[in-house]
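Working through the structure, step by step
The chain contents come next:
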Amino acid sequence: MRIAIASGKGGTGKTTVAVNLALMRGNVQLLDCDVEDPDAALFLHPQISTISSVYVTVPRVLLHRCIFCAECAHFCAYNALVVLPDQWLVTPELCKDCGGCYLVCPEDALTTERRKIGLIQFGVSGSVNVVTGDLQAGEAMPSPLIRRVKQEANKEGWVIVDAPPGTSCAMITAIEGCDACVLVTEPTPFGLHDLQLASEVVKILGLPCGVVINRSDLGDSGVREFCRDKGLPVLLEIPFDRGLAVAYSRGVPVTYVSEHWRSVFQELLDAIESRFGDKKR
Amino acid sequence: MKIAVSASDNNLDTMVDPRFGRCAYLLIVDSQTGEIVSGGRNEFAAAGGGAGTQTAQWAIREGAEVVLTGNVGPNAYNVLRAGKVKVYAGVSGSVRDAIARLNKGELSEISNSTVPPHSGMR
Ligand code: SF4
Ligand code: SF4
């Protein structure tokens, strides 16, 4: 079972859901694909066993060979290359590493350069295996790193993917290939708007989808009506709770705090198992 | 001197397009005569990504030494800087007006991009 936890916007409690679900389930791998702000480890405090760097390859010019013919720039469908009368420029964030420019260059003037985009950390917290993608500050393209993190996914058993918020390319990269997606939202007009966008993306990707409504007693009925109209199951409603907020601010998973919260997340686990369990690998 | 202006249409009385990379038209104007000498519809306006780098390359290849626009992202700005093009951003109003203001020295050159990458796509 590979389940993505996503949300249309940040700050809805997505990480809280991912972390506590992982702890309740146990024997699970958590892939933190929210690589621009990977905070699952702040709650799980995993023992880190390995840290490895992740690189992408970008072209580099050998100036003594280049004749500035611009063949490479014309070829590049991603507009990563610019050739001026006496300069060759690459915008590394735009390069998709298709390899084409090296082939079309008539002077064999292009070689490769490795560019570090971030780190992957492997750690263990109890029976939760935590794999964290950590994008380098200032790096504009999270998707290659997310793909790398997802390569680490176990082929069997439970895998929880903490996806980046929003409906970006990065979010799609994270949830693609999962068996089901849980969207965490709030019952406010903003929450509804972002849920509409996110559920549309999940639908296009063909994943079954359920909703967790956080701070469910604050706000209006828009989100519930939307879920009913679209046939999206509401898997769990979490009313606002001071204890939850305090635990969060201290970096303590709330399932550690009380039996009450263990039963809440057990309920979510059961709802996921019964809704999507037949998708089990 | 040639001036590249991001514009909403193919004439001097149209508005300056606030986006550089994804401007509808890029007009190359001769600063002496005030006439449009080249440029036209921006075929990179609908590019998936990297519109800015390609629009910047186009401006440089047309011989522009100055760019007038609303906002410019970092990728485009890097290319323009490499091409030693002076960039005046935050420009609005008609193209004709913008050029007049440049000639009177009323516009200020920028030394950095004005918006994050991919802003023109929103
Ligand atoms: S490898 Fe492909 S995407 Fe990257 S610069 Fe070369 S042609 Fe463009
Ligand atoms: S195709 Fe090769 S020779 Fe031509 S501009 Fe590109 S790198 Fe230089």
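Residues numbered from 1 in each chain as written. Chains lettered and ligands numbered in written order. Predicted model: local features only at pLDDT ≥ 70, side-chain atom pairs only at ≥ 80, totals over all residues. Heavy atoms only, no water.

**Considering the pattern of salt bridges**
All names here are of chain A.
- Scanning all chains against the criterion turns up 14 salt bridges over all chains.
- As a salt-bridge pair, Glu-113 and Arg-60 come within 3.3 Å of each other at their nearest N and O atoms. Pair noted here: Glu-113 is in strand β6 (residues 110-125) and Arg-60 is in strand β3 (residues 47-61), with a separation of 53 residues, a long-range link.
- The partner of Arg-115 in a salt bridge is Glu-93, and the shortest N-O contact between them spans 4.0 Å. Here Arg-115 is found in strand β6, whereas its partner Glu-93 is found in the loop between β5 (87-90) and α4 (100-104), with 22 residues between them in sequence. (Salt bridge = Lys/Arg side-chain N within 4 Å of Asp/Glu carboxyl O. Helix = DSSP H or I, 4+ residues; strand = E, 2+ residues; numbered from the N terminus.)

**Details of the environment of Thr16(A)**
All names here are of chain A.
- With respect to the element layout, Thr-16 can be found in helix α1 (residues 14-25).
- Each C-alpha atom of the pair Thr-16 and Ala-163 lies 13 Å from the other, and the pair is 147 residues apart in sequence.
- Setting aside residues no more than four positions away along its own chain, Thr-16 makes contact with Leu-244, Tyr-248 and Phe-265. (Contact = heavy atoms within 4.5 Å.)

**What about the site of ligand 2?**
- The immediate surroundings of ligand 2 are formed by 13 residues, with Cys66(A), Cys69(A), Ala70(A), Cys72(A) and Cys105(A) found nearest.
- Of the residues contributing to the shell around ligand 2, the split by class is 11 nonpolar, no polar and 2 charged. (Near = heavy atom within 4 Å. Nonpolar A, V, L, I, M, F, W, Y, C, P; charged D, E, K, R; others polar.)

**Remarks on the interface of chain B and chain A**
- In this complex, chain B contributes 15 residues to the contact, which on the side of chain A involves 13 residues.
- Between chain B and chain A, roughly 1,100 Å² of surface is buried when both sides are summed, and carbon and sulfur atoms account for 57% of that area.
- One can count 0 salt bridges joining chain B with chain A.
- Linking chain B to chain A there are 7 residue pairs in polar contact (both at pLDDT 80 or more).
- Elements that contribute at least two residues to the side of chain B that touches chain A include exactly α1 (51-61) and α2 (74-82) of chain B.
- Per element, the largest residue contribution to the side of chain B that touches chain A is 6 residues, and it comes from α1(B).
- Here the side of chain B that touches chain A is composed, by residue class, of 5 nonpolar, 8 polar and 2 charged. (Buried area = accessible area lost by both parts, 1.4 Å probe. Polar contact = N/O pair within 3.5 Å; in protein donor to acceptor, adjacent residues only side chain to side chain.)

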